[in-house]
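Letter by letter, the chains look like this.
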Number of protein chains: 2
Amino acid sequence: MSDPIIYASAEDCEAAFYDAFERADIEAMMALWADDEEVVCVHPNGQRLTGFGQVRAGWLAIFSSGQHYTVRIAHRLRWQSGLLAVHNVFETLQVSGGGQEGVAAAVTTNVFSRGARGWRLVAHHAAPCNEAVEMEQDLPRILH
Amino acid sequence: MSDPIIYASAEDCEAAFYDAFERADIEAMMALWADDEEVVCVHPNGQRLTGFGQVRAGWLAIFSSGQHYTVRIAHRLRWQSGLLAVHNVFETLQVSGGGQEGVAAAVTTNVFSRGARGWRLVAHHAAPCNEAVEMEQDLPRILH
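What you are looking at is a predicted structure, and each value in this text was computed from that prediction instead of being measured. (Residues numbered from 1 in each chain as written. Chains lettered and ligands numbered in written order. Predicted model: local features only at pLDDT ≥ 70, side-chain atom pairs only at ≥ 80, totals over all residues. Heavy atoms only, no water.)

## A look at the relation of the copies chain A and chain B
Argument step 1. Rotating chain A by 180 degrees and translating it 0.0 Å along the rotation axis places it on chain B, where the RMSD comes to 0.0 Å. A rotation of that kind, with that shift, is consistent with a two-fold axis. (Least-squares fit on C-alpha atoms with pLDDT ≥ 70 in both.)

Structure follows, in structure tokens:
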């Protein structure tokens, strides 16, 4: 693997996260997480994955499913102080492949920390929400 | 209303949050939120409430339901830097009254910020999870 990318902001790291998600790129996805045992990932099924190994296994399962996701982000709220940043966003996920077609919606909290290697993701907490229709109507594509 | 309590730590604010939740005390609950338009509350139904007014209305609806909640917290992970702290916890909620009896489980991200009035809650993101049984077995009651 080449040298890890250094993200200059939490926003850059978040954009890379959704880009890796859409491309189902496990190496790119895991390169933007902090490499420690304190990372947390909660997918919309509600299971909490902790530590780099569990988080990686979770994404690998998603990326191996044959499903392709296109993710739009909207209504981002953010808090930042020192070495920590928190974003709360709506996600609209268009799913295709793997026998599934459709649109899902989630409300998600992403937490980033800044270290020697720039901003990295330490927590991703996605939960189902029922606001897909509203989101589809007023969603600007603010990432990518 | 008397002078607001100043919470010296995010942990103190979180303990007060679950205490107000259990007592269904709307004034105590809202006194520990930051008083601004950037606050976010996501209950397990997935609806995102933003701003002090919506967040208050959401809690008032819960507290007016006639249901009583006992909440146990476990497996807390935390990140903190400067004026911001993030906790991720499991909640086990024992529900009684209002025609409901039972146990529900949630995985929750709580975000706190520190201002002139100490630590206050700025985001509460609770989502259903399926780990109630496991939690009931190994749960120390770490709050209260």
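## Details of the nonpolar core
Argument step 1. Formed by 89 residues in total, the largest nonpolar core has its most connected members in Trp 33 and Trp 59 of chain A together with Phe 21, Trp 33 and Trp 59 of chain B.
Argument step 2. Excluding residues within four positions of it along the chain, Trp 59 of chain A makes contact with Phe 17, Phe 21, Ile 26, Met 29, Met 30, Trp 33, Cys 41, His 43 and His 124 of chain A. (Core = buried A, V, L, I, M, F, W, Y, C linked by side-chain atoms within 4.5 Å. Buried < 20%, exposed > 50% of the residue type's maximum accessible area, 1.4 Å probe, protein only. Contact = heavy atoms within 4.5 Å.)

## Structural notes on the packing of aromatic side chains
What describes a pair of aromatic rings is the distance from one ring centre to the other and the angle between the planes of the rings.
Argument step 1. Per the stated rule, a full pass over the model turns up twelve aromatic pairs over all chains.
Argument step 2. Ring centres 5.5 Å apart and planes at 80 degrees place the aromatic pair Phe 17 of chain B and Trp 59 of chain B in the edge-to-face group. Placement of Phe 17 of chain B in helix 1 (residues 10–23) and of Trp 59 of chain B in helix 3 (residues 51–63) is noted, with a sequence separation of 42 residues between them. Summarising the burial analysis for this pair, Phe 17 of chain B and Trp 59 of chain B share the class buried.
Argument step 3. The structure contains a cluster of three or more aromatic residues connected by ring pairs, namely Phe 17, Tyr 18, Phe 21, Trp 59, Phe 63 and Tyr 69 of chain A. (Phe/Tyr/Trp six-rings, centres within 6.5 Å; stacked < 30°, edge-to-face > 60°. Helix = DSSP H or I, 4+ residues; strand = E, 2+ residues; numbered from the N terminus.)

## A few points about the environment of Phe 21 of chain B
Residues and elements named next belong to chain B.
Argument step 1. The residue Phe 21 is located in helix 1 in this model.
Argument step 2. For Phe 21, a relative accessible area of 6% gives the class buried.
Argument step 3. Once residues lying within four places of it in the same chain are set aside, the contact partners of Phe 21 are Met 29, Trp 59, Ile 62, Phe 63, Tyr 69, Val 71 and Leu 93.

## Things to note about the sheet that holds strand 2 (residues 48–50) of chain A
All names here are of chain A.
Argument step 1. The strand order 2-1-6-5-4-3 describes an open sheet built from six strands, whose pairing is mixed. Looking at strand neighbours, the two that pair on one side only are strand 2 and strand 3 (68–81), the edges of this open sheet. This sheet shows a mean twist of 25 degrees between the axes of neighbouring strands, independent of strand direction.
Argument step 2. Alignment of strand 3 against strand 4 (residues 84–96), held across twelve bridges, turns out to be antiparallel. The residue of strand 4 that forms the bridge with Gln 80 is Ala 85.
Argument step 3. Sheet strands in contact with helix 1 (residues 10–23) are strand 3, strand 4, strand 5 (102–115) and strand 6 (118–128), and its direction is about 165 degrees off that of strand 3. (Pairing = 2+ DSSP bridges. Axes fitted to C-alpha atoms, helices over the stretch in contact; angles between N-to-C directions.)

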